[in-house]
Amino acid sequence: MTDGPIRLTHGAHSRLRPADDARITGGFWAARRRTNAAVSIPQGPAKLEAAGNLANLRAAAGGTEAVFTGDFPFQDSDVHKWLEAASWQLAHGPDGELEREVDRLIALLAAAQEPDGYLQTYYQVKHPERRWKELDWGHELYCAGHLIQAAVAHHRATGRSALLEVALRFAAHVEATFGEGRAVDAVCGHPEIETALVELYRETGERRWLDLAAYFVDLRGHGSLEAGFRRGGAPTPGSPYWQDQVPVREARTATGHAVRQLYLLAGAADLATETGEAELRDALARLWTVTAGGKTYLTGGVGSRHEGEAFGDAYELPPDRAYAETCAAIASVQFSWRMALLTGEARYSDLIERTLYNGFLSGVGLDGEHWLYVNPLQVREEYEFRPGDHTARRTPWFRCACCPPNVMRLLASLPHYMASGDGTGLQLHQYAAGTYTAGGGTVTVAGDYPWEGRIAITVDEAPAGTWTLALRVPPWADRVRLDGRTLERPDTGWLRLERAWSAGERVVLELPLEVRLTRPDPRVDAVRGTLALERGPLVYCLEQTDLPPGVRLDALTLDPAITPGAEHRPELLGGVTVLTAGGRVRAAGERDDWWPYAADAPEPAGEPVELTAVPYYAWANRADGAMRVWIPRA
């Protein structure tokens, strides 16, 4: 992949730049991307047909069925995200069948587009009289943003301009409609167009699109969305829900709908990167720190409230009621990557690694065709599995199908997030086996990470003179070994190897993969007194299916005095390393009394039991049942 979702302009004010070429060729992520390419992406058009998305485009184009199908005004965005995923997949090599499907959907979009450039089937087919009048819930600019991102991806991947022309006509319509003194002077209830417009500027070189992105970012927080709007008889959730209560530069915390908030921050980061504005950059760093430090789950998931799919208060992180939408994990990766490039700081890629391996990857089943919209950290035995998008059961598709094509597009473009370069050399942010060109050099990464901590990096090409290979050391690795020497983790998180290099030189980084017992911040009341199991970048969980017959998951405690072990099982869940730990089966909950409360007294230790934990990303792939990440301490 020679181009990805971010292609900085020459004058961008960024410490780092995405790799010039990035290819994942083996190991953990190559396997997941093969499934994405062979199963997930090919099934997209059939799913979109069955859900009515494509019928809506035909209806908007003047077909015989002038009826809108579906419950949501933003269903076109599912088509756009699939097109983006398919385009990034085409960037990796020719695929005639996939290319034909892409061309077919592009033709549908072009046929559905109005002469003035407008394109959103909900308002074209169902409510033409409401166009640009329901900015709170209408998602018109949100859909436009995803269309633009798909068009940029298709243009970069194939060099063809058919979809880009559709997107440019829509963008020109938005430019003519929005602004001070124009028909509409307001923001969209769902940010997304901001980052898309910056990328359109990068793709075309036309400053007008950067200025339009700045308009939307600057207007956010000035109350342009109608405060009294009612949806379905329910009052508006209020301006914090869609981040319209305070300007971005003045905001002190992440609020409201998690995906909306993070898409907005990603777009603002794109803007700060191109303009070099220090105030905006500092505000983004502050908001990232607050979000990562008190509003992010151990898995990297974000969004602790089902109500409004929203962030909660600081340290409000209940495991069983975690919403942690898959799309929010993707938005977190997008925001963090932009901050990593903008600042050069390793902490942003630390969070990306945690999110990718856990809170994001849990959203798609191992088979590539079953999905989770929400990603809780605990499911009780008595959990009532309910149909719909918010169930803790893997589902073939959703009524609100934003997550599946979003997963597809991130996996298809994943090589873009692995490495970067600057004037001194190349930085490896993630350790996926593959080949990466950046900063004037090329390296090949080999190893079986995250199952093994030994990572071999071969310098295939480097410029003459001093050149720096920078290796990110995760915060859980206090010490590492480099070519057999033990080194402490650098304070910056970057291990910088600065010297003259010759083609073929190799260094071996060994990251410690001992099992870790992790305790929560005591301010996270919901999991106080518990422990979690981690190994490398992976968070682990217990599933009911791995327990002895008759043992309930909610009766288990974890004994920290017993050293956990690790064992790779190639036959299990596509090949995983499981953890074994000592536990107890406590008697609590087996009293004869009907009242579940009692005077404080020491609990019996309980019978010993061996616990088997599997990677969190792989839960719910064998059976529906109880699961938990945080385990009470014995």
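Note: the structure precedes this text.
This report concerns the structure included in the present document.

Parameters and conventions
- Residues numbered from 1 in each chain as written.
- Predicted model: local features only at pLDDT ≥ 70, side-chain atom pairs only at ≥ 80, totals over all residues.
- Heavy atoms only, no water.
- Salt bridge = Lys/Arg side-chain N within 4 Å of Asp/Glu carboxyl O.
- Helix = DSSP H or I, 4+ residues; strand = E, 2+ residues; numbered from the N terminus.
- Buried < 20%, exposed > 50% of the residue type's maximum accessible area, 1.4 Å probe, protein only.
- Expected span 1.5 Å × (residues − 1).
- Phe/Tyr/Trp six-rings, centres within 6.5 Å; stacked < 30°, edge-to-face > 60°.
- Lys NZ or Arg CZ within 6 Å of the ring centre and 35° of its normal.
- Axes fitted to C-alpha atoms, helices over the stretch in contact; angles between N-to-C directions.
- Parallel < 35°, antiparallel > 145°, perpendicular 65-115°, else oblique.
- Left-handed = near helix turned anticlockwise from the far one by under 90°.
- Contact = heavy atoms within 4.5 Å.
- Nonpolar A, V, L, I, M, F, W, Y, C, P; charged D, E, K, R; others polar.
- Patch = residues over 30% accessible without salt bridge, like charges linked within 9 Å, V, L, I, M, F, W, Y side chains within 5 Å.
- Areas by Shrake-Rupley, 256 points an atom, 1.4 Å probe, with all protein chains shown as cover.
- Polar contact = N/O pair within 3.5 Å; in protein donor to acceptor, adjacent residues only side chain to side chain.
- Pairing = 2+ DSSP bridges.
- 1 Å grid on protein atoms, 1.4 Å probe; cavity = no way out; pocket = protein on both sides within 12 Å on 5 of 7 lines; lining within 4 Å.
- Points joined across faces, edges and corners; volume = space filled by probe spheres on them.

## Looking at the pattern of salt bridges
Where charged atoms from two side chains of opposite charge approach closely, those side chains can pair.
Argument step 1. The full count for this structure, using the stated rule, is 46 salt bridges.
Argument step 2. For E203, the salt bridge goes to R7, with nearest N and O atoms at 2.7 Å. Here the residue E203 occupies a position in helix α8 (residues 193-204), and R7 occupies one in the segment before β1 (17-18), the gap between them amounting to 196 residues.
Argument step 3. Owing to a relative accessible area of 13%, E203 belongs among the buried residues under this scheme.
Argument step 4. For R7, a relative accessible area of 28% corresponds to the partly exposed category.

## Description of helix α7 (residues 162-177)
Argument step 1. Taking 1.5 Å per residue as the helical rise, α7 with its 16 residues ought to reach 22 Å, and the 23 Å between its terminal C-alpha atoms agrees with that figure.
Argument step 2. Of all the positions in α7, only L163, L164, V166, A167, F170, A171, H173, V174 and T177 are classed as buried.
Argument step 3. Following α7 by one or two positions, G179 adopts a phi angle in the positive range, close to 140°.

## As for unusual backbone geometry
Argument step 1. Of the consecutive residues Y449 and P450, the connecting peptide bond is found in the cis state with omega at 10°.
Argument step 2. Unusually for a residue other than glycine, E309 sits at a positive phi of about 45°.
Argument step 3. Tracing the backbone through its elements, the reader meets E309 in the loop between α11 (278-294) and α12 (326-343).
Argument step 4. Residue E309 is classed as buried on the basis of its relative accessible area of 16%.

## Description of the packing of aromatic side chains
To describe a pair of aromatic rings, you give the distance between the ring centres and the angle between the ring planes.
Argument step 1. Tallied over the entire structure, the rule returns 26 aromatic pairs.
Argument step 2. Geometrically, the ring pair formed by Y118 and W132 is edge-to-face, given 5.4 Å between the ring centres and 85° between the ring planes. Of the two residues, Y118 sits in the loop between α4 (96-112) and α5 (121-126) while W132 sits in the loop between α5 and α6 (140-158), which places them 14 residues apart along the sequence.
Argument step 3. Judged by its relative accessible area of 9%, W132 is buried.
Argument step 4. Residues W594 and W595 carry aromatic rings whose centres are separated by 5.4 Å and whose planes lie at 65° to one another, so their mutual orientation is edge-to-face.
Argument step 5. When its relative accessible area of 45% is taken as the criterion, W595 is described as partly exposed.
Argument step 6. Among the aromatic residues, those joined into a ring-pair cluster are F28, W29, Y357, Y431, Y449, W451 and Y617.
Argument step 7. For R131, the ring lying beneath its charged end belongs to Y118, and the centroid distance is 3.9 Å.
Argument step 8. Sitting over the ring of W501, R499 keeps its end group 3.8 Å from the ring centre.

## Some words on the packing of α7 against α8
Argument step 1. Where α7 meets α8, the axes come as close as 12 Å, and the angle between the chain directions of the two elements is 120°. As summarised for this structure, α7 and α8 are arranged oblique, according to the angle between their axes. Of the two elements, α7 crosses α8, and the hand of that crossing is left-handed. On the side of α7, the interface is formed by L164, L168, A171 and V174, while α8 contributes I193, L200 and T204.
Argument step 2. Across the contact of α7 with α8, the residue classes tally to 6 nonpolar, 1 polar and no charged.

## Examining the packing of helix α3 (residues 76-90) against α6
Argument step 1. Their axes nearest at 8 Å, the elements α3 and α6 cross at an angle of 15°. Between α3 and α6, the crossing angle belongs to the class labelled roughly parallel. As α3 runs across α6, the sense of the crossing is left-handed. Contacts between α3 and α6 pair D76, S77, H80, K81, L83, E84, S87, W88 and L90 from the former with Y142, C143, H146, L147, Q149, A150, A153, H154, R156, A157 and T158 from the latter.
Argument step 2. Counted by class, the contact of α3 with α6 contains 9 nonpolar, 7 polar and 4 charged residues.

## Comments concerning a nonpolar patch on the surface
Argument step 1. A surface patch of nonpolar side chains, about 480 Å² in accessible area, is lined by W594, W595 and Y597.
Argument step 2. Looking at where Y597 falls in the secondary structure, it is placed in the loop between β21 (576-585) and β22 (607-615).

## Here's the deal with the side chain of E203
Argument step 1. A polar contact of 2.7 Å, which involves the side chain of E203, links it to the side chain of R7.
Argument step 2. Of the polar contacts made by the side chain of E203, one reaches the side chain of R156; its length is 2.6 Å.
Argument step 3. Residues contacting E203, with those up to four places away along its chain left out, are R7, V152, H155 and R156.

## A few points about the sheet that holds strand β14 (residues 494-500)
Argument step 1. Read from one edge of the open sheet, 5 strands run β1-β6-β7-β11-β14, paired in mixed fashion. The outermost strands of the open sheet, each flanked by one partner alone, are β1 and β14.
Argument step 2. The pairing of β1 with strand β6 (residues 419-421) spans 2 bridges and is classified as antiparallel. Each bridged residue has a counterpart across the sheet, and for R17 the counterpart in β6 is G421.

## Some thoughts on the pairing of strand β20 (residues 565-569)
Argument step 1. Pairing between β20 and β21: 5 bridges, direction antiparallel. Following the sheet pairing, R569 is matched in β21 by V576.

## Topic: the environment of G303
Argument step 1. Among the secondary structure elements, G303 is positioned in the loop between α11 and α12.
Argument step 2. The spatial distance from the C-alpha of G303 to the C-alpha of H139 is 20 Å, given a sequence separation of 164 residues.
Argument step 3. Once residues within four sequence positions are removed from consideration, G303 is found in contact with A258, Y297, A310, F311, A322, Y323 and A324.

## Section: empty space enclosed by the protein
Any space left empty among the atoms is revealed by the rolling of a water-sized probe across them.
Argument step 1. Taken as a whole, this structure holds 8 cavities of 30 Å³ or more when the rule is applied.
Argument step 2. If you add up the space inside the largest cavity, you get close to 130 Å³.
Argument step 3. Looking at the largest cavity, it is lined by 13 residues, and the ones nearest its centre are P5, E84, Q149, Q334 and R409.
Argument step 4. Of all the secondary structure elements, the ones that give two or more residues to the lining of the largest cavity are α3, α6, α12 and α14 (403-412).
Argument step 5. A per-element tally of the lining of the largest cavity places α12 first, with 3 residues.
Argument step 6. Split by residue class, the lining of the largest cavity holds 6 nonpolar, 3 polar and 4 charged.

## With respect to the environment of P608
Argument step 1. Note that P608 resides in strand β22.
Argument step 2. Taking the relative accessible area as the measure of exposure, P608 reaches 57% and is therefore exposed.
Argument step 3. Sequence-distant contacts of P608, defined by excluding residues within four places in its chain, comprise G583 and R584.

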